[in-house]
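Examining the three-dimensional arrangement
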Amino acid sequence: MSKIEPQPGILDIQPYVGGKSHIDGVENIVKLSSNENPFGPSPAAQEAVKRSVHQLHRYPSTDHASLRQAIAEVHGLEARRIICGVGSDEILHLLCQAYAGPGDEVIHTEHGFAIYRIGALAAGATPVEVPERERVTCVDEILEACGPKTRLVFIANPNNPTGTMIGMAEIERLAAGLPDRALLVLDGAYAEYVEGYDGGAALVETRDNVVMTRTFSKLYGLGGLRIGWGYAPQEIIDVLNRIRGPFNLSQTALDAAEAAIRDTAYVEKCRVENARMRAWLSEALAEHGVPSDTSMANFVLARMGSAEEAEACDAYLQSEGLIVRRVAGYKLPNALRITVGDEPSCRRVAHAIGQFKAGARCP
Ligand SMILES: *Cc1c(COP(=O)(O)O)cnc(C)c1O
């Protein structure tokens, strides 16, 4: 037996499994399993990527000044309180690494995003799961679970995979009620989909215990390039920058993100189209007897009658070339998370679920 062992907690991590992207023997598939923008990135971002090939021998910017400035201008924020990471996943990991360790507790909700638990365990801290109420984040439950060991509280708003969100007054109550040493992390991966919602940016500016994270992977259609960012009190940004890799983001990624965030017309077009097809899809599912909560994001959580039915429906959809996401690992064994695709994809998936409900099974 080797004496070489990883740090405590590491072997408790179940490796993250991404959404499936192919089915053996099936062509012309539609991937609705990873909450990607069906229209891809803005043409301006694509142009920026092409231009960047001429500079690939150069090291990228280490301070991300140009991208931070663009984010600050578009969102009306202070550039010096922004940090950019390799997806928002990196920011979530940096927060765990910097603020939680052995003996500390990291709170996440029942159907919360998998990375919160992984990041906590990777830092040697103890993840604490808190119940939701009917698939909605519950501030009272979180406050009840808080104690002197609590260092981080993660909530995604809107949440993945439920699609539900809570109002700003509830978030403010949560931030105000946390113990002194605890930091609230508002994961805004889907904030852009909610019209008029700032993801909690204004709250970050008025409190010293709130951080917001955002991503270019969802509405901006740049999941393949890995870019996210965080907004936090200055002291926290300074802490995270001490452990961030100096060249964490490629210049290609930085340039693409800057072009994407400045193309506000494209963002607006994608948001409007998502809202239209999301309403259509949940309505179509309801007509087939499949309920879902009102989603504020770019996916719908379809609730089947049982775990068996969810599994059989998933198998049938795959036989029809449609990939959705099973979410049993998120304690939702009865449900299927379906990304809002373009109109033909939404029609295909709704039609196939209708056929399944009418008795069709995979061959
Ligand atoms: C997709 C997602 C993220 C972000 O992922 P990155 O690609 O690393 O930016 C973060 N939180 C939630 C809840 C997500 O669904």
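Structural data are supplied above this passage.
These numbers come from a predicted model, not from an experiment. (Residues numbered from 1 in each chain as written. Predicted model: local features only at pLDDT ≥ 70, side-chain atom pairs only at ≥ 80, totals over all residues. Heavy atoms only, no water.)

Thoughts on unusual backbone geometry
Quick note on the threshold: By the criteria applied, helices consist of DSSP H or I runs no shorter than four residues and strands consist of E runs no shorter than two, each listed in order from the N terminus.
Of note, the amide linkage connecting Asn157 to Pro158 takes the cis form, showing an omega dihedral of -5°. The phi dihedral of Asn35 falls on the positive side, at around 55°, and the residue is not glycine. Following the sequence through the fold, Asn35 ends up in the loop between strand E1 (30-31) and helix H1 (43-52). Non-glycine residue Glu134 carries a positive phi angle of around 50°. Along the chain, Glu134 falls in the loop between strand E4 (126-130) and helix H5 (139-145).

Digging into empty space enclosed by the protein
Applicable threshold: Every definition here rests on a 1 Å grid over the protein atoms only: cavities are sets of points where a 1.4 Å probe fits but cannot get out, pockets are open sets enclosed by protein on both sides within 12 Å along at least five of seven lines, and lining residues have some atom within 4 Å of a point. Grid points are joined across faces, edges and corners, and a volume is the space filled by probe spheres set on the points. Residues are grouped as follows: nonpolar covers Ala, Val, Leu, Ile, Met, Phe, Trp, Tyr, Cys and Pro; charged covers Asp, Glu, Lys and Arg; every other residue, Gly included, is treated as polar.
For the structure shown, the criterion picks out one cavity of 30 Å³ or more. A volume near 70 Å³ is recorded for the largest cavity. Taken together, Glu36, Asn37, Pro38, Phe39, Tyr193, Leu219, Cys270, Glu273, Asn274, Asn298, Val340 and Gly341 make up the full set of residues lining the largest cavity. Among the residues making up the lining of the largest cavity, the classes are represented as six nonpolar, four polar and two charged.

A closer look at the nonpolar core
Rules: We define a nonpolar core as any set of buried Ala, Val, Leu, Ile, Met, Phe, Trp, Tyr and Cys residues linked to one another through side-chain atoms lying within 4.5 Å. Here the term buried applies to any residue with accessible area under 20% of the maximum for its type, exposed to any over 50%, and partly exposed to those in between, with areas from a 1.4 Å probe on protein chains only. All the domain ranges listed were derived from an automatic or database domain assignment. Any two residues whose heavy atoms approach within 4.5 Å at even a single point are treated as in contact.
Leu184, Phe216 and Trp229 are the most contacted members of the largest nonpolar core, which totals 55 residues. Considering each element in turn, this core owes the most residues, six residues, to helix H9 (residues 251-262). Counting contributing residues per domain, this core is built from domain 1 (10-40 + 265-357) and domain 2 (43-263), each supplying no fewer than three. Excluding anything up to four places from it in sequence, Leu184 contacts Val153, Ile155, Ile171, Leu174, Ala175, Leu178, Asn209, Val210 and Val211. The next biggest cluster of nonpolar side chains, apart from the first, holds 33 residues, and it includes Ile13, Ala120, Val185 and Tyr330.

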